[in-house]
Protein chains: 2
Amino acid sequence: MAYTGDMARPASRTRGRGRPTTDEGLREVIRQAALTQFAEAGYSGTSLRKIAGAAGVDPSLVLHYFGSKEELFAAALTPPVDFSVVIPQLLSAPESQRAERVAQFIVQLLDRPEPRQTMTAAVRSATPTGGADVQVRRAITTQVIRPLAEALQSDHPELRAAMLGSQMVGLVMARHVVGLPTVAELTSEDLVAIIAPVVQRYLFDPLGLAATGPTEVRG
Amino acid sequence: MAYTGDMARPASRTRGRGRPTTDEGLREVIRQAALTQFAEAGYSGTSLRKIAGAAGVDPSLVLHYFGSKEELFAAALTPPVDFSVVIPQLLSAPESQRAERVAQFIVQLLDRPEPRQTMTAAVRSATPTGGADVQVRRAITTQVIRPLAEALQSDHPELRAAMLGSQMVGLVMARHVVGLPTVAELTSEDLVAIIAPVVQRYLFDPLGLAATGPTEVRG
DNA sequence: AGTTTATTTCAACGCCTGTTGAATATGGCA
DNA sequence: TGCCATATTCAACAGGCGTTGAAATAAACT
């Protein structure tokens, strides 16, 4: 809400026109400013000029580093966690604790600022205005759903992973985007207690589908 | 995806400049075109010119009828179902069938075009660009969450309603906005089977919260 | 010292936006 | 018939957008 244009940045004499004392961190400052803006306003609600302003920089410099708005979006959205590493660890817990571990991981992940910003930016940008939705869908499927599905040993792994993903998206919406009062005010512990049984159902319990063959999707 | 500008509309001689054979349906045509556009591209991704084009009308006429883009958005978003009437009916079912009835209602609601458009428009527009998010939050809380909470007789009624709402939002996202393959391809019956136990948990089962007093919100 | 090279800013482009005010044609009414 | 109110369009506005190309400055290299 308050972008006065002077964010914390590794100072290196006051910048003017021309090459400064090699300040490579500036690229990262821009990326961080972009992520924050995207998280607050979504892709189409964020302008390069606002990002540049938040980073204390000229709009052209943003494009100099990232080429285009879409590339900047993709760069800002790179996930702060490698799920294909974390998920197998979570699922290796004893059967009685797996669901709660997963629930805990989800909630704690969304408690850390940068993963939360990444998620809200993605969720908020899932609108087909500027080509951002394609990147969002690809990011969600390849970086979250597929690793999770491959680690699962239940039936319908892709479907189970996707259903859990939908609950995560709903959670981000309720707690961080729309800000529904009661959900936004929950403590982490209570939230874990509430969703753990749902995780259990989506990932491990029998689904009770009509027997029309496996609902599998490859690619 | 295909708006050629000539939608079905109660024809009344070809319109030109000036007053035509009193065609009150035109206002509704515009509202419907707006809802479709908002559902496809969200609030900020939709322009008055596109809406006017889809309705086969001049942009000024849109504002003549609705005053401003925000008012048009609010008008387009008026819910096609009065939840404060439907919900008590659903909850009056015998205890063993309530969750499935609710799940069925949700899924079937999202199968009908206009409620689905209303939901996707709301979900897609939950971004603070144009003041639309305020209206979205208010619509969700007053029209869905509050009636549901008032009909519930469990503890933490607002929280339960909000958690169910978050699952609904996630579902809309997965099935209609982002279009996750497996979820989007489910039959209605299978989807009901999958989410019914989750509905049961969120609305009726003990939540297992830390005993820090009731999490109630009034207004 | 002089040349190159990378960083940063400036100025402008064409386009799209929401909104406004005037012009015009028609239907209803006296 | 003549007037008035209303529906509809047209034309323009001021501002924001993403992007581009050139200019300026300073560090790095020879």
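Conventions adopted
Residues numbered from 1 in each chain as written. Chains lettered and ligands numbered in written order. Predicted model: local features only at pLDDT ≥ 70, side-chain atom pairs only at ≥ 80, totals over all residues. Heavy atoms only, no water. Contact = heavy atoms within 4.5 Å. Buried area = accessible area lost by both parts, 1.4 Å probe. Salt bridge = Lys/Arg side-chain N within 4 Å of Asp/Glu carboxyl O. Polar contact = N/O pair within 3.5 Å; in protein donor to acceptor, adjacent residues only side chain to side chain. Helix = DSSP H or I, 4+ residues; strand = E, 2+ residues; numbered from the N terminus. Nonpolar A, V, L, I, M, F, W, Y, C, P; charged D, E, K, R; others polar. Domains from an automatic or database assignment.

Quick notes on the interface of chain B and chain A
Inference 1: The interface is formed by 50 residues belonging to chain B together with 50 residues belonging to chain A.
Inference 2: Summed over both sides, the interface of chain B with chain A buries roughly 3900 Å², with 69% coming from carbon and sulfur.
Inference 3: It is Val178, Thr182 and Ile194 of chain B that lose the most area in chain B upon contact with chain A, and together they represent 15% of the buried surface on that side.
Inference 4: Joining chain B to chain A, the criterion identifies 0 salt bridges.
Inference 5: Linking chain B with chain A are 13 residue pairs in polar contact (both at pLDDT 80 or more), by the criterion used here.
Inference 6: The greatest single-element share of the side of chain B that touches chain A, amounting to 12 residues, is contributed by helix H9 (residues 157–177) of chain B.
Inference 7: Of the residues assigned to the side of chain B that touches chain A, the class counts are 29 nonpolar, 14 polar and 7 charged.

Some points on the domain arrangement of chain A
Residues and elements named next belong to chain A.
Inference 1: According to the domain assignment, chain A contains domain 1 (23–76) and domain 2 (83–203).
Inference 2: Averaged C-alpha coordinates put domain 1 and domain 2 at centres separated by 26 Å.
Inference 3: Taken together, the two surfaces of domain 1 and domain 2 that pack against each other cover about 1100 Å², and 53% of this comes from carbon and sulfur.
Inference 4: Area buried by domain 1 at its contact with domain 2 is led by Leu35, Ala39 and Phe73, which between them contribute 41% of it.
Inference 5: Viewed at the interface, domain 2 and domain 1 are joined by 1 salt bridge.
Inference 6: We note a salt bridge from arginine 31 to glutamate 114, for which the minimum N-O separation is 3.0 Å.
Inference 7: At the surface where domain 1 touches domain 2, the tally comes to 6 residue pairs in polar contact (both at pLDDT 80 or more).
Inference 8: Sorting the residues of the side of domain 1 that touches domain 2 by element identifies helix H1 (25–41) and helix H4 (69–76) as the ones contributing at least two each.
Inference 9: Counting residues per element, the side of domain 1 that touches domain 2 draws most heavily on H1, which supplies 8 residues.

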